[in-house]
Amino acid sequence: MEENTNTNVPSNFIREIINGDLETNKYQGKVHTRFPPEPNGYLHIGHAKSICLNFGIARDYNGLCNLRFDDTNPAKEEVEYVESIEEDVRWLGFDWEDRMFYASDYFEKLYEFAIQLIKEGKAYVDSSTADETKDMRGTPTESGKESLNRNRSIEENLKLFTGMKNGEFEDGAHILRAKIDMTSPNMHMRDPVMYRIKRATHHRTGDIWCIYPMYDYAHPISDWIEGITHSICTLEFEIHRPLYDWFLTELHLENRPQQIEFARLNLSYTVMSKRKLLELVQEGYVTSWDDPRMPTISGLRRRGYTPESIRSFADKIGVAKRDGMIDVALLEHTIREDLNKRALRVMAVLKPLKVVITNYPEDKSEDLDAINNPEDPSMGKRILPFSKEIYIEQDDFRENPPKKFYRLYPGNEVRLRYAYIIKCNKVIKTDAGEITEIHCTYDPETKSGTGNTRSVKGTIHWVSAKHAIKAEIRLYDRFFVAEDPLADKDKDFKDLINPNSLELLNNCRIEPGLTNVKPGDKFQFERQGYFCVDLLSTEGKIIFNRTVPLRDSWAKIEKKQ
RNA sequence: UGCCUCAUGGUGUAAUUGGCAACACGUCAGAUUCUGGCUCUGAAGAGUCUAGGUUCGAGCCCUAGUGAGGCAACCA
């Protein structure tokens, strides 16, 4: 039974499990997954892995995937996060149709199940303090001790738990615990907490409840209620699985979902934990959750990443149980791969150097043809104005060229892309020796598209000085200097922030056709990289973010020298 | 001195379930090129953590080690 129709995705252990379940007809041929974020922060690329995994499996096996908000802790959760999560999942290209749920949808049912467990003697109310509970739990190597309240009568437990629900007690006065085994080598089985009293306004249920279920209790039941077959989560929950199964067993539930754990994503040169990302935002190391240097979905979106590139990345990294670290180079590869096919080519000069073409008529200007995307002829052509004074990239001129430098230097010729071959005759400098402009002559016989066969080693980009428009361009680089900013536990990861992660250029010149760009528009600036119009860009002030530079083999050659 | 899990080129995943270790990224070289991009061609790079065992045959099965990660919120 080969249900996997997506040939881009290599086999993985989760698909093996599903294939096995399909063969044994464990779930009557059904495959139903879910993506269950807690709405307490913004989604990041690690979540994208999980989203692509869960929705991807549902798609490939003709199954379903739910979006479920795991909102059992009102102290940390907000609607703002719910909304951003919905937006991000949708943006990534996935559809939960009418299956958006909340753990809080099941508060009533969860409460009834808790009563059932109390009645069967499998749960009890403990009135110990939090500290006492902690002390009694033992350590990984020493077993715990039973609470004095462990043997309360069912009637008393019922009365107390009802009282907890009805608001008769202070926060922290009691908890409801599952009666399992205080000597278990698995700490999570030592009478885990099922409910705590917490007076906090829940973003959906308001003040209706003052007791809230814990994750370990709510999650298996929520999965079961929704008919989830494969409950996929990250490795740190592995040790919770016996508890997940315990609740389902003790509640006598049929068609039980199974929890499967995979390794979370670690990406080099960044951090992924919500707490650390929050720290970066709150302490002003970045401007916001969607700062283009953030590994959040919204940050990547603003940086210029496409949903397609992120999905392709998720497919390429695979799924396994061993934790490792993925090289950002792979992420960068997927966005280049995607944008290479689709992005309009355009000329932009980031650090302008004026070139005067001395033998070109003063008032003349020409309209030149430029190809929009050599990878896709259907994208057509555009017109580029040319005139006597142009700007080229400062990096494309050297007064004293190193070996293998094919660009402009005194006495050398280069082709101006889509225009003419020019020759550098003179370098104009200030008294201080600073180069202010270059004087060149052009060869009128070498106009692009005229069939002239004379060729030179280098081709450089340019814009016409009097036609070009100004723009601000933000060059982003990796946010940390260390591959794993958390590797050294004695060091604060914030000390490893790359001081040059943002280079702001506000004197850039871009071709005039770009006057009306809109936030989110994506381009390849020829020879430089992929750029995207920033969220805050306006007609009066155009702002571009560099998504990723082009691969640059010259930079490698130069570095070697 | 516990319990759970994991171990395959630099990185990340595969390996028809016991049959010549493959793919992608990265790296290097070359070809092509009006983008030092793309594309194309080729190369280097692991003999599968270690030691035993079973077998005609082991990355895969068994035993014992070693190393790494996780587990002691009224967080998820």
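The sections below set out a description of the structure shown in this document. Quick caveat, the model's predicted, so the values are computed rather than measured.

1. Thoughts on the sheet that holds strand E7 (residues 211–213)
1) Next: One open sheet accounts for four strands, arranged E4-E5-E6-E7; its pairing is antiparallel. The open sheet has two free edges, formed respectively by strand E4 (123–126) and E7, since each of these has just one partner strand. Mean inter-strand twist for the sheet, computed between neighbouring axes without regard to direction, equals 20°.
2) Next: Bridging between E4 and strand E5 (residues 175–178) involves four bridges; their strand directions are antiparallel. When the sheet's bridge partners are listed, tyrosine 124 is paired in E5 with arginine 177.

2. Thoughts on the protein's contact with RNA strand B
1) Next: Around RNA strand B, the structure places 72 residues, and the nearest of them are Glu16, Arg322, Arg345, Arg407 and Ser448.
2) Next: Protein-adjacent atoms of RNA strand B, using a 4 Å cutoff, are sugar or phosphate at a proportion of 60%.
3) Next: The separation between a sugar or linking oxygen of RNA strand B and a polar main-chain atom of isoleucine 317 is 2.7 Å.
4) Next: The side chain of aspartate 323 places a nitrogen or oxygen atom 3.2 Å from a sugar or linking oxygen of RNA strand B.
5) Next: Elements represented by at least two residues in the surface near RNA strand B include exactly helix H5 (130–136), strand E6 (193–197), helix H12 (328–342) and helix H13 (553–560).

3. Some words on the pattern of salt bridges
1) Next: Applying the stated criterion to the full structure yields 47 salt bridges.
2) Next: The salt bridge involving arginine 99 is made with aspartate 98; its shortest N-O contact spans 3.9 Å.
3) Next: Arginine 99 gets classed as buried once you look at its relative accessible area, which sits at 10%.
4) Next: Using a relative accessible area of 65% as the deciding quantity, one classes aspartate 98 as exposed.
5) Next: For glutamate 503, the salt bridge goes to lysine 351, with nearest N and O atoms at 3.3 Å.

4. Structural notes on the pairing of strand E2 (residues 64–69)
1) Next: Among the six residues that make up E2, five are buried, leaving the element largely enclosed by the rest of the structure.
2) Next: In terms of strand pairing, strand E1 (residues 32–35) meets E2 through four bridges, oriented parallel. Following the sheet pairing, threonine 33 is matched in E2 by cysteine 65.
3) Next: After leaving E1, the chain enters helix H2 (residues 45–60) and then returns to the sheet as E2, a path that is right-handed.

5. Describing the environment of glutamate 526
1) Next: Position of glutamate 526 among the secondary structure elements: in the loop between strand E23 (522–525) and strand E24 (529–533).
2) Next: Note: C-alpha distance between glutamate 526 and lysine 321 (205 residues apart in sequence) is 41 Å.
3) Next: Ignoring sequence-local partners within four residues, the contact set of glutamate 526 consists of Arg345, Val346, Arg417, Tyr418 and His461.

6. Thoughts on a positive patch on the surface
1) Next: Together, Lys404, Lys457, Arg551, Lys556 and Lys560 make up a positively charged patch on the protein surface.
2) Next: When you line up the elements, lysine 404 lands in the loop between strand E15 (389–393) and strand E16 (413–416).
3) Next: Since its relative accessible area comes to 53%, lysine 404 is described here as exposed.

7. A short note on the nonpolar core
1) Next: Judged by nonpolar contacts, the single largest core of 37 residues is most densely connected at Ile45, Ile51, Phe55, Val89, Leu267 and Phe313.
2) Next: Mapped by element, the contributors of at least two residues to this core are H2, E2, helix H3 (79–91), helix H10 (297–303), helix H11 (307–317) and H12.
3) Next: The dominant element in this core, judged by the number of residues it contributes, is H2, at six residues.
4) Next: Every residue in contact with isoleucine 45, bar those within four places of it in the chain, is listed here: Leu265, Leu267, Met272, Pro295, Ile297, Leu300, Ile310 and Phe313.
5) Next: Counting 34 residues, the second largest nonpolar core, distinct from the first, contains Phe107, Ala178, Ile180 and Leu243.

8. Quick look at the state of the cysteines
Each disulfide is one covalent bond, formed between the sulfur atoms of two cysteines.
1) Next: According to the stated counting rule, one finds zero disulfides in the structure shown.
2) Next: Here cysteine 532 stays free of any disulfide, with the sulfur of cysteine 508 as its closest cysteine sulfur at 15 Å.
3) Next: Exposure remark for cysteine 532: the relative accessible area of 1% places this residue in the buried category.

Cut-offs and rules
- Residues numbered from 1 in each chain as written.
- Chains lettered and ligands numbered in written order.
- Predicted model: local features only at pLDDT ≥ 70, side-chain atom pairs only at ≥ 80, totals over all residues.
- Heavy atoms only, no water.
- Pairing = 2+ DSSP bridges.
- Helix = DSSP H or I, 4+ residues; strand = E, 2+ residues; numbered from the N terminus.
- Axes fitted to C-alpha atoms, helices over the stretch in contact; angles between N-to-C directions.
- Near = heavy atom within 4 Å.
- Polar contact = N/O pair within 3.5 Å; in protein donor to acceptor, adjacent residues only side chain to side chain.
- Salt bridge = Lys/Arg side-chain N within 4 Å of Asp/Glu carboxyl O.
- Buried < 20%, exposed > 50% of the residue type's maximum accessible area, 1.4 Å probe, protein only.
- Right-handed = clockwise from strand over helix to strand, strands pointing away.
- Contact = heavy atoms within 4.5 Å.
- Patch = residues over 30% accessible without salt bridge, like charges linked within 9 Å, V, L, I, M, F, W, Y side chains within 5 Å.
- Areas by Shrake-Rupley, 256 points an atom, 1.4 Å probe, with all protein chains shown as cover.
- Lys, Arg positive; Asp, Glu negative; His and termini not counted.
- Charge placed at Lys NZ, Arg CZ, Asp CG, Glu CD.
- Core = buried A, V, L, I, M, F, W, Y, C linked by side-chain atoms within 4.5 Å.
- Disulfide = S-S within 2.5 Å.

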